[in-house]
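Each chain is listed here by its residues.
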Amino acid sequence: MSEQDGYNLRLYIAGQTPKSIAAIANLNRLCEKHLAGRYNIEVIDLMKDPALAQRDQIVAIPTLIRQLPEPLKRIIGDLSNAEKVLVGLDIRPT
Amino acid sequence: MSDPTSSKPMARPSEAEETIQAIHQGNVDALVVNGPAGPQIVMLQNAEQPYRVLVERMSDGALTLGADDRILYANQRLADLSDVPVDALIGRSFASLFDSLDLTGAENGEATARLKNGVGGTPVSVWISSIFIGGVAAKLVTITDQTVQERIEAVVSAERFSRSILEQSTEAIIVLGSDGRITHASLVAEEIAVRPPIGARFSEAFRVVGKDFPVAERLDLMLATKPFHGVEVTMQNGSRRPRAFLLSAGQLLDETKSAIGSIVTLTDITARKQAEERQRVLVAELNHRVKNILAVVQAISAQTVRTSPSLPSYNTTFAGRVQALAVAHDILTRTQWSGIGLNELLQNVLSPYFGASQDHRIKLSGPPVLLPARTVVPLSMAMHELATNASKYGALSCPQGSVHVDWNVARNGTTLVDVCWAEKDGPRLAAGKFGGFGTTLIRRVVGHDLGGTVELDFASNGLRSLLKFPLTAHGELNDLIGGAQHS
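What counts and what doesn't
Residues numbered from 1 in each chain as written. Chains lettered and ligands numbered in written order. Predicted model: local features only at pLDDT ≥ 70, side-chain atom pairs only at ≥ 80, totals over all residues. Heavy atoms only, no water. Helix = DSSP H or I, 4+ residues; strand = E, 2+ residues; numbered from the N terminus. Buried < 20%, exposed > 50% of the residue type's maximum accessible area, 1.4 Å probe, protein only. Contact = heavy atoms within 4.5 Å. Areas by Shrake-Rupley, 256 points an atom, 1.4 Å probe, with all protein chains shown as cover. pLDDT = per-residue confidence, 0-100. Phe/Tyr/Trp six-rings, centres within 6.5 Å; stacked < 30°, edge-to-face > 60°. Lys NZ or Arg CZ within 6 Å of the ring centre and 35° of its normal. Pairing = 2+ DSSP bridges. Axes fitted to C-alpha atoms, helices over the stretch in contact; angles between N-to-C directions. Parallel < 35°, antiparallel > 145°, perpendicular 65-115°, else oblique. Left-handed = near helix turned anticlockwise from the far one by under 90°. Nonpolar A, V, L, I, M, F, W, Y, C, P; charged D, E, K, R; others polar. Lys, Arg positive; Asp, Glu negative; His and termini not counted. Salt bridge = Lys/Arg side-chain N within 4 Å of Asp/Glu carboxyl O.

Trainee: For this particular structure, what's the right way to read the overall build of chain A?
Mentor: Across its full length, chain A carries two helices and five strands. When burial is assessed residue by residue, chain A has 46% of its 94 residues classed as buried. Within chain A, residue pairs in contact and separated by at least 24 positions form 64% of the contacts whose partners lie at least 6 positions apart. By element, 50% of the accessible surface of chain A is carried by carbon and sulfur atoms, the whole surface being about 4700 Å².

Trainee: Would you mind going over the confidence of the model for chain B with me for this structure?
Mentor: Atom-level detail of predicted coordinates should not be read off regions where pLDDT is low. Residues and elements named next belong to chain B. Residue-level pLDDT values for chain B average 82, and 86% of them are 70 or greater. Long-range and interchain partners of residues 1-13, a stretch whose pLDDT sits below 50, account for 18 contacts in this model, where long-range means more than four residues apart. This stretch, residues 473-487, has a pLDDT under 50; its non-local contacts, to residues over four places away or in other chains, come to 37 contacts.

Trainee: I would appreciate a short explanation of the packing of aromatic side chains in the present structure.
Mentor: For any two aromatic rings, the description comes down to two numbers: the centre-to-centre distance and the angle of the planes. Residues and elements named next belong to chain B. Within the structure shown, the criterion is met by three aromatic pairs over all chains. Seen in terms of ring centroids, Tyr314 and Phe318 are 5.4 Å apart; in terms of plane orientation they differ by 10°. Their pairing is stacked. Here Phe318 and Tyr314 lie together in helix H10 (residues 311-334), a separation of four residues that amounts to about one turn. Just as Tyr314 is buried, Phe318 falls in that class too. Over the face of the ring belonging to Trp337 we find Arg289, whose NZ or CZ atom lies 3.1 Å from the ring centre.

Trainee: I'm lost on the sheet that holds strand S4 (residues 63-68) of chain A in this one. Help?
Mentor: Across a sheet, paired strands are connected by hydrogen bonds in the backbone, their directions being either parallel or antiparallel. All names here are of chain A. In space, the four strands of this open sheet follow the order S2-S1-S4-S5, with mixed pairing throughout. For this open sheet the edge positions go to strand S2 (39-45) and strand S5 (73-76), each flanked by a neighbour on one side alone. On average, adjacent strands in this sheet sit at an angle of 20° to one another, irrespective of strand direction. Strands strand S1 (7-13), S2 and S4 of the sheet are contacted by helix H1 (residues 18-34), whose axis makes an angle of about 165° with S1.

Trainee: Explanation requested: the packing of helix H12 (residues 376-392) of chain B against helix H13 (residues 437-449) of chain B in the structure shown.
Mentor: When two helices pack together, their arrangement is given by the angle between the helix axes and by the axis-to-axis distance. Residues and elements named next belong to chain B. Contact geometry for H12 and H13: axes closest at 9 Å, N-to-C directions at 155°. Taken together, the axes of H12 and H13 are roughly antiparallel relative to one another. The two elements H12 and H13 meet at a crossing, and its hand is left-handed. Packed against H12, whose contacting residues are Pro378, Met381, Ala382, Glu385 and Leu386, the element H13 presents Gly438, Leu441, Ile442, Val445, Val446 and Asp449 at the interface. Its residues assigned to classes, the contact of H12 with H13 shows eight nonpolar, one polar and two charged.

Trainee: Explain the side chain of Asp45 of chain A to me, please; I cannot follow it from the model alone.
Mentor: All names here are of chain A. One can find Asp45 in strand S2. Among buried Asp, Glu, Lys and Arg side chains, Asp45 stands out as unpaired, with Lys48 the closest opposite charge at 4.4 Å. Not counting the four nearest positions on each side in its chain, Asp45 is found in contact with Ile13, Ala14 and Gly15.

Trainee: What is the right way to look at the pattern of salt bridges in this model?
Mentor: Think of it this way: side chains of opposite charge can pair up when their charged atoms draw near. According to the stated counting rule, one finds 14 salt bridges over all chains in the structure shown. Across the salt bridge formed by Arg280 of chain B and Glu277 of chain B, the nearest N and O atoms sit 2.9 Å from each other. Of the two residues, Arg280 of chain B and Glu277 of chain B both sit in helix H9 (residues 270-307), three residues apart, roughly one turn of that helix. Residue classification places Arg280 of chain B among the exposed residues on the basis of a relative accessible area of 52%. The class for Glu277 of chain B is partly exposed, based on a relative accessible area of 39%. Through salt bridges with shared partners, a single network forms among Arg10, Glu42 and Asp56 of chain A.

Shown next as C-alpha cells:
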C-alpha cells in the first residue's frame with residue numbers, strides 16, 4: 001500500500017467505554033468493506049496517555065482522525081452511522 | 001467540569017459544532033479536559049447512567065430547572081402525567097405545567113398543586129431541591145401523582161377497615177378465594193380452626209361433625225358455589241367439647257358483580273342451644289312438680305275432710321296445711337331449688353308461732369345443716385303439723401308452755417339428721433288428741449318422703465317427737481346459715 005492511495009486512520013478511545021468499543025468494531029467493519037487492503041488504523045487509548053490528545057486537539061471520545069489522504073478530517077462518535085462516516089471521511093467505495 | 005469546547009480553539013467552527021452535537025446526542029462517553037496537570041479524561045455516560053435509568057423508571061415525575069425556571073430535563077413519567085412529550089417539555093417554563101402553583105413549602109419539603117393535562121388536571125405534590133450543576137444554580141423537582149397515592153391510601157384504608165371488622169367480629173368470618181382456599185379469617189374463626197386457616201381449604205381448617213353433613217370435598221364445593229343461610233352444624237376443635245354453629249355462605253362479588261370467592265360465617269349458638277335445653281327440662285320438671293303438688297293438695301284435702309269434725313274445722317286445718325305447703329314452695333323458689341339451712345327452714349315454717357307475745361316460747365338450736373331441696377316440702381309439712389298440734393292442744397295452747405327444737409348430725413357412712421321437737425309445761429296430752437291425720441301425715445312424710453323414722457312420745461310434761469332422716473346432700477354453711485341461736 002502506498003501512502004498516496006491508502007487511508008491512514010487514527011482512532012482515539014478511552015479504555016473500554018461502550019462508545020470506544022463500538023467505534024473500534026464499526027471502523028474495522030467499514031474499512032474491511034470499503035477500503036480492503038488500503039487502510040491503516042492506529043488506535044490510541046487516551047486513558048493510558050491523556051497527553052496524546054493534544055496532538056490532534058481531541059476533546060470528545062471516541063474521535064476518528066483521517067491523517068491521509070489529506071486534508072485531515074475528523075469524525076466524533078461511535079461511527080455507528082456508516083453513511084455519515086463514509087461521507088465525512090470522503091471515502092470512495094472500491 | 002469546564003466546557004470542553006472552550007478548552008482550546010477549534011480548528012474550524014464546523015468541528016466545534018460537530019463536537020457539541022455529538023455530545024448532545026450522546027455519541028461520546030468521555031471528554032478530554034485541560035486540568036492543572038495537563039489533559040485529563042472525564043467519563044460522561046458511565047457515571048450517570050445508573051441514575052438516569054433510575055430516574056427514567058421512577059414512578060414520580062422528575063425534572064431539572066435552570067436558573068430561569070425553564071425545564072432542562074424531564075423524565076418519561078412527567079411526560080405521561082402532563083400528556084406532553086419529553087421533547088416538548090424541554091425549554092418550557094416550570095409554571096406553565098400547572099393550573100395554579102403555590103410552591104410555599106416545596107423547597108426541601110412538599111407543596112400541593114394541580115398539574116395540567118388532558119384529563120382535567122391531576123392533583124400532585126411537588127418537592128424541590130436546589131443544586132449546582134457545573135457551578136450553575138439549578139433545581140431538582142419531583143412531582144408525585146396524589147390520585148395514585150389517594151387510591152393507595154383508600155385501598156389500605158379499606159383493607160384496614162375489613163381487617164378491623166374481622167378482628168372485632170364476635171362471629172367467625174371466613175373469606176374463601178376463587179380457588180376455594182381461605183384468604184381471610186376473623187379471630188374467632190382462628191380460635192375454632194383445627195389448624196392455621198389461611199391458605200387451607202375450609203374442610204381442612206374446620207372439622208364439621210355430624211352424620212347428616214356432606215363429606216369434605218362436597219362441603220368445599222358447596223361453600224364455593226351454593227349460597228345458603230343458617231344451616232345448623234356441630235364443630236369439633238381438638239379435645240374441646242363440640243360446639244353448635246349456624247353456618248351461612250354467600251358469594252363474594254367484585255365491582256363488576258363477578259364472583260371472586262365466597263364469605264362463610266359461623267355463629268356460635270352453643271349457649272342458645274344449652275338455654276333451650278335447660279328451658280325444655282325446666283318446663284318438663286315444672287309440669288311434673290305441679291302435678292305432684294296437686295296430688296298432695298288433693299290427698300291433704302281428702303284426709304282433712306275425713307278427720308275434721310265440722311266444716312269450719314276443715315277450713316282452718318286445710319288452709320293451714322296448704323299454707324305450710326306454700327311456705328315450703330316459697331323457700332324452694334327463693335333458693336332456686338338449691339336447698340336451705342335447717343335453721344332457716346324452721347324459722348320460716350314456724351314464723352306464725354313466733355308471735356310478739358310468744359317470743360321466747362320456741363327455741364331452736366343445732367349445728368349448720370344444708371337440707372337438699374327434696375326434703376323441704378315433707379319436713380315443712382311435718383313441722384307445721386307439730387306446731388299446729390302444739391298450738392291447739394299442746395305447749396303453745398297455754399301461756400307457760402314452750403317448745404325446744406334441737407337437732408344433730410351424725411355421719412356414719414350416710415349423713416343422718418336427728419330433729420327433736422320437745423314440748424314443755426303444756427297441758428297433758430293424750431295420744432288420741434293427736435292421732436288423726438296429723439300423726440298420719442307426719443309418719444307418712446318422714447317415713448315415705450324423707451326415708452326416715454319418727455317417734456312420738458306423749459310424755460306427761462309435753463309431747464316429744466324425734467324425727468330421723470338421711471341426707472343425700474348436706475353442707476355446713478357457716479356463712480349462709482350459721483348455727484341456730486333463735487329463741
